[in-house]
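The lines below spell out each chain.
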Amino acid sequence: MPRKRPGRVRTKNTNRREALRLSRMAPEDFNVRPGETKSIACPDCCTWRRIMGDTVLKIREHCISDKVADGEKHASCPGSDQLVVIDIDVRRWQARQDRLLRDAMPQENRRAAQQFYKPLPAPATPVSRIKAEITLETARQSYLAHRKGCTRCVGGQHCTDGGVLARRYVLALQEEPARREAREEQERQERRTARKQTAPAVRKAQWAKHGGKAVETANNRCAGRIPGSLSEFRGPQLPLAPKDVEAHERRQAELGRQYAQRKPATSAA
């Protein structure tokens, strides 16, 4: 495979104009993608031309092609050998160009840059493997629902899940008396606790703790406030006059002189 010779500027001549900065041009008027040939739309003839060079970049020398069709000779374009300066962030420019191309593409041709696949939902856990609070009614309903929908549970024969549900139902039947007795005992304890909390002696102790003569006296002292009177709960009074009157006067006079000196400069501005 022949070695690709890097392009370079073979002449030191320029059109003596100020260097053309890409930051001052429209993003769609040049192409500086990595791995592609750098090109630019010539500002003079508005045609796409190649950018030559690796370090010093110039627009390749070209002619004004639209004059040849009129019978005129080839005329060199004033934009030939124009210096070009890449003063932009190429990555940001490339991302913006890709976004513009994607937005300009028809909707049916658009495709996300990265494909996201929705994972398949996991199969539901069988009822026989669900770990939850087992009561007699829930065990019975689970067993009957499985028997109704399972084709292998016929007569006294059970499938694997049907056998687990059947054993769970039998175990719930055996534990139901003890569970009922524990529930009744808990209800008796709750009623006993409620009776203790509402007993007259308990209520009297609560009133003694949160009441008494001090609370009653404070409640009886509540009276309407006379307009213009001062409350005994008021805070410290604010000073209405400075403590050192002479120092206060000197300070006010100094501030007045400073303001008088600053005022003409402010008005002149």
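Refer to the structure presented above.
I will try to describe carefully the structure that is included in this document. Note on numbering: residues in each chain are counted from 1, in written sequence order. This being a predicted model, a pLDDT of at least 70 is required before a residue's local features are given, and a value of 80 or more before pairs of side-chain atoms are given or counted; all residues contribute to the totals for chains, interfaces and linings. The basis for every side-chain value is the complete set of heavy atoms in the structure, and neither hydrogens nor water enter the calculation.

### Comments concerning the overall build of the chain
So, step 1. Secondary structure assignment for the chain yields 6 helices and 6 strands.
So, step 2. The helix and strand labels rest on DSSP assignments: H or I over at least four residues marks a helix, E over at least two residues marks a strand, and numbering proceeds from the N terminus. The secondary structure elements of the chain, listed N-terminal to C-terminal, are β-β-β-β-β-β-α-α-α-α-α-α.
So, step 3. Burial classification: accessible surface area is computed with a 1.4 Å probe over protein chains only, and a residue below 20% of its type maximum counts as buried, one above 50% as exposed, and the rest as partly exposed. Each of the 269 residues in the chain was classed as buried or not, and the buried ones make up 16%.
So, step 4. Here, two residues are considered to be in contact whenever any of their heavy atoms come within 4.5 Å of each other. Across the chain, the fraction of contacts at a sequence separation of at least 24, relative to all contacts at a separation of at least 6, is 49%.
So, step 5. Note that accessible areas follow from Shrake-Rupley with a 1.4 Å probe, and for residues the cover is restricted to the protein chains shown. When the accessible surface of the chain is totalled, it reaches about 23200 Å², and 53% of it is carbon and sulfur.

### Things to note about the pattern of salt bridges
So, step 1. What counts as a salt bridge is simple: a side-chain nitrogen of Lys or Arg found within 4 Å of a carboxyl oxygen of Asp or Glu. Per the counting criterion, the structure on display carries 11 salt bridges.
So, step 2. Residues E254 and R251 are paired through a salt bridge, measuring 3.7 Å at the closest nitrogen-oxygen approach. A residue pair is termed a helical-turn pair when its members lie 3 or 4 positions apart in one helix, as E254 and R251 do in helix 6 (residues 245-268) at 3 residues.
So, step 3. Salt bridges sharing partners connect three or more residues here, namely E175, E176, R179, R180 and R183.

### Structural notes on the environment of K38
So, step 1. For K38, the location among the structural elements is in the loop between strand 2 (30-31) and strand 3 (39-41).
So, step 2. Take K38: its relative accessible area is 32%, and that puts it in the partly exposed class.
So, step 3. Measuring from C-alpha to C-alpha, the distance between K38 and I51 comes to 5.4 Å, with 13 residues separating the pair along the chain.
So, step 4. For K38, the residues in contact, after removing those within four places along its chain, are N31, V32, R50, I51 and I86.

### Thoughts on helix 3 (residues 160-197)
So, step 1. Expected helix span is given by 1.5 Å per residue-to-residue step, counting one fewer step than there are residues. Between its first and last C-alpha atoms helix 3 spans 53 Å; for 38 residues at 1.5 Å apiece the expected length is 56 Å, and the two agree.
So, step 2. The largest bend along helix 3 reaches roughly 45° and is located at E175, with the proline P177 sitting one to four residues downstream.
So, step 3. G162, G163, L165, A166, R168, A172 and E176 are the residues of helix 3 that are buried.
So, step 4. Each element contacted by the buried residues of helix 3 is listed here: helix 2 (136-149). To get the bend at a given residue, fit one axis to the seven residues ending there, fit another to the seven starting there, and take the angle between those axes.

### Structural notes on unusual backbone geometry
Most peptide bonds take the trans configuration, and most residues that are not glycine carry a negative phi.
So, step 1. The phi torsion at C46 lies on the positive side, around 60°, for a residue other than glycine.
So, step 2. Looking at the secondary structure, you find C46 in the loop between strand 3 and strand 4 (48-52).

### A look at a positive patch on the surface
So, step 1. Taken together, R191, R192, R195 and K196 make up a surface patch of like positive charges.
So, step 2. Take R195: it is sitting in helix 3. Residues form patches when they are more than 30% accessible in relative terms and have no salt bridge. Like charges link within 9 Å. Nonpolar side chains (Val, Leu, Ile, Met, Phe, Trp, Tyr) link within 5 Å. Positive charges come from Lys and Arg, negative ones from Asp and Glu, while His and the chain ends are left out of the count. To locate a charge, the coordinates of NZ of Lys, CZ of Arg, CG of Asp or CD of Glu are taken.

### Quick look at the sheet that holds strand 6 (residues 83-85)
So, step 1. For two strands to be treated as a pair, DSSP must find no fewer than two bridges joining them. Across the sheet, 6 strands lie side by side as 1-6-5-4-3-2; this open sheet has mixed pairing. The open sheet has two edge strands, strand 1 (20-21) and strand 2, and neither has a second partner.
So, step 2. Where strand 3 lies against strand 4, 3 bridges are found, and the strand directions are antiparallel. Residue pairing for strand 4: I40 is matched across the bridge by R49.

### Here we look at the packing of aromatic side chains
So, step 1. Ring geometry is summarised as follows: Phe, Tyr and Trp rings, the Trp one being its six-membered ring, pair when their centres sit within 6.5 Å, and such pairs are stacked at plane angles under 30 degrees, edge-to-face over 60 and tilted between the two. Under the definition given, this model contains 2 aromatic pairs.
So, step 2. Relative to W93, the ring of F30 has its centre 5.4 Å away and its plane inclined at 20°; by these criteria the two rings are stacked. Taken as a pair, F30 in strand 2 and W93 in helix 1 (residues 90-104) lie far apart in primary sequence, 63 residues in all. This pair shows no difference in class: F30 is buried, exactly as W93 is.
So, step 3. Aromatic pair Y143 and Y169: ring centres 6.1 Å apart, planes at 20°, arrangement stacked. One end of the pair, Y143, is in helix 2; the other, Y169, is in helix 3, with 26 residues separating them in the sequence.

### A closer look at the nonpolar core
So, step 1. Residues L20, L22, M25, F30, V32, I40, I51, L57, I59, V84 and W93 constitute the largest nonpolar core, which totals 11 residues.
So, step 2. Look past the residues within four positions of I40 in its chain and what remains in contact with it is L20, L22, M25, D29, F30, T47, W48, R49, I51 and I59. Residues grouped as a nonpolar core are buried Ala, Val, Leu, Ile, Met, Phe, Trp, Tyr and Cys residues, joined through side-chain atoms within 4.5 Å.

### Observations concerning a negative patch on the surface
So, step 1. Together, E181, E184, E187 and E190 make up a negatively charged patch on the protein surface.
So, step 2. By the element assignment, E181 lies in helix 3.
So, step 3. In this structure E181 comes out as exposed when scored by relative accessible area, which is 55%.

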